[in-house]
Amino acid sequence: MGRKFFTKRTIKFLAVVVVCFGLIFFNPGGFFSPLRALVLKLAYPFQKTFYLVGQSTERYLSLAGSFWEVKKENDRLIKENYFLQSENSNLKEQKKENELLRNQLKLAPREKFNLEAGFVIGQDPQGLGNWIMIDKGKNVGIQTGMSVIISQGILVGRVEEVFADSARIILLSHAESAVNAFDLETGAKGVLKGEYGLGVILDLVSQKEVLNVGDTVLSSGLGGNFPKGLLLGKIQEVRVSADKLFQQAVVNPGAKLQSLEVVFVIKN
Amino acid sequence: MHLVPNLILLFVVFWTLKAGFEKTLKIAIFSGIILDIFYFWPIGINVLILVTVSFFARFLGRRFLVGDFFFRSLWLMVAVSGAVILNEFLTQLIFSGLAFFQKGIPFQFSFGWRIVLEIIFHLLTFAIIYWPLQKIEALISLYGRRIDPKYYVK
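The shown structure was predicted, so the numbers you read here are calculated from the model rather than taken from an experiment. (Residues numbered from 1 in each chain as written. Chains lettered and ligands numbered in written order. Predicted model: local features only at pLDDT ≥ 70, side-chain atom pairs only at ≥ 80, totals over all residues.)

Attention now goes to the overall build of chain B. Helix and strand counts for chain B come out as 5 helices and 0 strands. In sequence order, chain B lays out its α and β elements as α-α-α-α-α. When burial is assessed residue by residue, chain B has 31% of its 154 residues classed as buried. Sequence-distant contacts in chain B: of pairs separated by 6 or more residues, those separated by 24 or more amount to 63%. (Helix = DSSP H or I, 4+ residues; strand = E, 2+ residues; numbered from the N terminus. Buried ≥ 20, exposed ≤ 12 C-beta atoms within 10 Å, placed from the backbone. Contact = placed C-beta atoms within 7 Å.)

Okay, here's the thing in structure tokens:
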């Protein structure tokens, strides 16, 4: 006599699978949000501590692992220092020119942003760099949709969810991230999109526009979701979209999205 | 490359091999919900993955329990490797499914060298945590025997 396929165990397994599929695909938005908020509130002090300890350990281990590379790195830095000294003198001249150009382009005056600094206390455990958690939330006036930058006015993402003392920020590499952008050198306009944590691309650029490798990409401010003139990154590769209607460019983000420590939320 | 050990996955594999699917089911569901909360994923993804891993790992359970040291190690390695592959496969399947149903983006799967590194990394991690897990399991089973009234029925 053959073995019974639908054993009690198999039925339990199938029941869990069906319920899970139902929850994943038909879950009404925000149904579990109160539970998530409660757990995060309870875990907040531990999360912050564990994350900081984890980061320190990782830094220590990577330092220990790369000790033999330090001398090589030192030689490289000495050379780079000579180069930077000469470049610095050139940049002083360019500073004036830059101020003039910024006025002409009507870029956002970075110094006038009302910034709220936040320490990163958590990140996407899958290591894809999709989102980060910061230690500031509703209590200091952070709201959903606010732009998040790092010190030099480099856009890293936007606030997706806000809790009492923390907020979740989806980064530029997140699949749901979309920023209206333009090429500073050529003026080509497009939309900077995340590619499921794998990187960012400048998409929907008309075939008539020009994109060059090495060009700087800035936020255009269209749509009003992000301020104009925030640095997004540099073009790494130019290609044609699958439907051949648009141009695409792989963009190297201006910030290392996987190793952020302090970010600034633009509150105004 | 950023590799993070999925300790809960390893714990579920270990527990299934030791105690079977039925006893691991509740742990897998609870752990899955907690993971989904902290991953900010729709609730159910990690539950589904952990329960599925447990369901399939149980097939190796009997072999694991009666085997000698060599075979026990072999079945452990097979179970951990299988769990990592299943985890990766189901994660990609579910997210591709969500992208397809919500945005019409075609299904995408990418199994590169990363999965091999993930397996090696998880095997090494499992080797480190195996002894502490055994101690914990022994402690819990001892505690379970002490409080289980059936244990005292003559």
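Residue and element names in this part refer to chain B. Counting through the fold element by element, Ile33 comes out in helix α2 (residues 21-39). Residue classification places Ile33 among the partly exposed positions, given that 18 C-beta atoms sit within 10 Å. Sequence separation between Ile33 and Gly44 is 11 residues, and the spatial gap between their C-alpha atoms is 6.7 Å. Aside from chain neighbours lying at most four places away, what touches Ile33 is Ile43 and Val47.

Residue-level contacts link 20 residues of chain B with 18 residues of chain A. Contributions of two or more residues to the side of chain B that touches chain A are made by α2, α3 (45-66) and α4 (69-103) of chain B. Residue contributions to the side of chain B that touches chain A peak at 6 residues, all from α2(B). Residues that form the side of chain B that touches chain A fall into these classes: 17 nonpolar, 2 polar and 1 charged. (Nonpolar A, V, L, I, M, F, W, Y, C, P; charged D, E, K, R; others polar.)

Residues and elements named next belong to chain B. Direction vectors running N to C along helix α1 (residues 7-19) and α2 enclose 170°, while the axes themselves pass 9 Å from each other. Judged on the interaxial angle alone, α2 and α1 are roughly antiparallel. Residues Ile8, Val12, Trp15, Thr16 and Ala19 of α1 lie in contact with α2, whose contacting residues are Phe21, Lys23, Thr24, Ile27, Ala28, Ser31 and Leu35. The class makeup of the residues in the contact of α1 with α2 is 8 nonpolar, 3 polar and 1 charged. (Axes fitted to C-alpha atoms, helices over the stretch in contact; angles between N-to-C directions. Parallel < 35°, antiparallel > 145°, perpendicular 65-115°, else oblique.)

The next point concerns the pairing of strand β5 (residues 167-171) of chain A. All names here are of chain A. A large share of β5 lies buried, amounting to 5 of its 5 residues. Of the two faces of β5, the one lined by Ala167, Ile169 and Leu171 and the one lined by Arg168 and Ile170 are each fully buried. Both strand β2 (residues 131-134) and β5 contribute to a ladder of 4 bridges, which runs antiparallel. Pairing of Ile134 across the sheet is with Ala167, part of β5. By the bridge criterion, 5 bridges tie strand β4 (residues 154-162) to β5 in an arrangement that is antiparallel. (Pairing = 2+ DSSP bridges.)

Successive residues of a regular strand alternate their side chains across the two faces of the sheet. Residue and element names in this part refer to chain A. As paired elements, strand β6 (residues 178-183) and strand β7 (residues 189-194) share 5 bridges and run antiparallel to each other. Note that in β7 the partner of Phe182 across the bridge is Lys189. Connecting the antiparallel pair β6 and β7 is a turn made up of 5 residues, with Gly187 showing a positive phi of about 80°. Here β6 runs beside strand β9 (residues 216-219); their pairing, made up of 3 bridges, is antiparallel. Note on β9: the bridge partner recorded for Asp183 is Val217.

This paragraph deals with the environment of B:Asn6. Residues and elements named next belong to chain B. The topology assignment puts Asn6 in the segment before α1. The exposure class assigned to Asn6 is buried, which follows from the 22 C-beta atoms found within 10 Å. The sequence separation of Asn6 and Phe121 amounts to 115 residues, and the corresponding C-alpha distance is 10.0 Å.

What follows concerns unusual backbone geometry. You will see that A:Leu204, though not glycine, has its phi angle at about 55°, which is positive. Following the sequence through the fold, A:Leu204 ends up in strand β8 (residues 200-206). A positive phi angle is found at B:Phe40, which is not glycine, with a value near 60°. In this structure, B:Phe40 sits in the loop between α2 and α3.

Right, let's talk about helix α1 (residues 8-26) of chain A for a bit. Residue and element names in this part refer to chain A. Taking 1.5 Å of rise per residue, 19 residues should cover 27 Å, and α1 covers 26 Å from first to last C-alpha, within 8% of that figure. All of the buried residues in α1 are Val16, Cys20, Leu23 and Ile24. Taken around the axis of α1, the buried residues stretch over an arc of 95°, which confines them to a single face. The outward face of α1, more than 90 degrees from its buried face, is lined by the exposed residues Lys8, Ile11, Leu14, Ala15, Val18, Gly22 and Phe26. (Expected span 1.5 Å × (residues − 1). Arc of directions from axis to C-beta.)

The next point concerns the confidence of the model for chain B. The pLDDT averaged across chain B works out to 82; a share of 86% of its residues lies at or above 70. Looking at the elements of chain B, mean pLDDT is at its lowest for helix α5 (residues 113-147) of chain B, recorded as 81, and at its highest for α2(B), recorded as 90. (pLDDT = per-residue confidence, 0-100.)

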